[in-house]
Amino acid sequence: MSQPQDTSPSQPLSYCSTYPRSLPQFRPDLTFDRQRAIVVTASKWVNGTVLHYHFLADEAEHGDQMDVVRGAFAEWKDLGIGLSFTEVAEASESEVRIGFQAGDGSWSYVGRDVLGIGATERTMNFGWDLTTPYGHTTARHEIGHTLGMPHEHQNPNAGITWDEEAVYEFLGGPPNNWPRETTFHNVLRKLDPREVEGGNWDPDSIMEYQFPGGLILAPEEYKDGIFPPGTLSADDQAYIRYWYPPLDGDDLPDLTPFQSVPLSLTPGQQADFAFRPEASREFNVGTFGSADAVLVVFEDVDGELRFLAGDDDSGEDRNALVKVKLVAGRSYVVRIRLYYAWASGQTAVMAW
């Protein structure tokens, strides 16, 4: 993770880590562009999702640490993004579960990978004091991972040439004591080109580690180290607003049973619909056309959208489809995010 510039080099800093992501296994006939659209979007939430977070810790013992995390969530939300963050009292009601286990480092799963973690297990941990400037940066950084952001220094477009043995020695010593495989995964490993959006490296990113001098051989201007400010950079803000733009209010177009609605979306774009069933029964909600998409159905519960069902057809020659029991008189929202239109360029959605 990135650290503040005023940290004394005589007090080595701990670095965060992420859990390895397993990229999808694609059929050999899928084009590179289609694969990259799927990989990049797979870590992102459907815009408009309410992420519920729960602290696996006692308020009396860790209240100051919790307040830093709450503030970091608010800092991301204050960018005006379409995601929302709500703290909940029960782990079973959360997608994001946060621990403060000392000695286990600070880490997070990336994006929607948290959905594959057991309902009582941590998806994020903070292993050191968050009340310092360095700690505030840690909280921002880990939430960035949960929003689907990778480490910036692993961007293959950065052009960093490492003194690899120096990096292994640096991170293998205290306070990190990382084995070589952990250092490789979090620093030396370049991201797969399919994981990377755009072409520029942002050394000021919240997702960039600070590195002292002596670890980088090139580019020349970074031989003396990389020292990001530890805040959300302009590129961080633009990136997250691109994936989670502000929503246009609650006045969504209606999805009417047995009426197909054509969609003209570019990769990463999303369409949203209100659905108000007139009868209580099992409904099918699905997409049509030659495209990869993720489709999610939410129920409006006291003004908050709660996940009901979803399907992801990416990389498969089929369409997204959910079968879900809906109740007359209740309100639902259907969201469709496009990965890639791989043939006709046109898709559609229908409920029946």
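Provided above is the structure to which this section pertains.
About the thresholds
Residues numbered from 1 in each chain as written. Predicted model: local features only at pLDDT ≥ 70, side-chain atom pairs only at ≥ 80, totals over all residues. Heavy atoms only, no water. Helix = DSSP H or I, 4+ residues; strand = E, 2+ residues; numbered from the N terminus. Buried < 20%, exposed > 50% of the residue type's maximum accessible area, 1.4 Å probe, protein only. Contact = heavy atoms within 4.5 Å. Polar contact = N/O pair within 3.5 Å; in protein donor to acceptor, adjacent residues only side chain to side chain. Phe/Tyr/Trp six-rings, centres within 6.5 Å; stacked < 30°, edge-to-face > 60°. Salt bridge = Lys/Arg side-chain N within 4 Å of Asp/Glu carboxyl O.

### Describing the environment of Asn125
1) Next: Mapped onto the elements of the fold, Asn125 is located in strand 6 (residues 124-125).
2) Next: On the accessibility criterion, Asn125 (0% relative accessible area) is buried.
3) Next: Taking the C-alpha atoms as reference points, Asn125 and Ser106, separated by 19 residues in sequence, lie 5.1 Å from one another.
4) Next: Setting aside its immediate chain neighbours within four residues, Asn125 contacts Gly99, Phe100, Gln101, Asp104, Gly105, Ser106 and Trp107.
5) Next: Within the structure, the side chain of Asn125 is placed 3.0 Å from the backbone nitrogen of Gln101, a separation counted as a polar contact.
6) Next: Side chain to side chain, Asn125 and Arg122 meet in a polar contact 2.9 Å long.

### Side note on the packing of aromatic side chains
1) Next: Applying the stated criterion to the full structure yields 17 aromatic pairs.
2) Next: Residues Tyr53 and Phe55 carry aromatic rings whose centres are separated by 5.6 Å and whose planes lie at 80 degrees to one another, so their mutual orientation is edge-to-face.
3) Next: On the basis of relative accessible area, Phe55 is assigned to the buried category, the value being 6%.
4) Next: Aromatic side chains Tyr53 and Phe73 sit 4.3 Å apart centroid to centroid with 15 degrees between the ring planes, which places their arrangement in the stacked category. Here Tyr53 is found in strand 2 (residues 50-55), whereas its partner Phe73 is found in helix 2 (residues 59-77), with 20 residues between them in sequence. Judged on exposure class, the residue Tyr53 and its partner Phe73 are both buried.

### Regarding the pattern of salt bridges
1) Next: Inspection of the entire model under this criterion finds 20 salt bridges.
2) Next: A salt bridge links Glu87 to Arg70; its shortest N-O distance comes to 2.7 Å. Taken as a pair, Glu87 in strand 3 (residues 84-87) and Arg70 in helix 2 lie far apart in primary sequence, 17 residues in all.

Geometry only, nothing functional implied.
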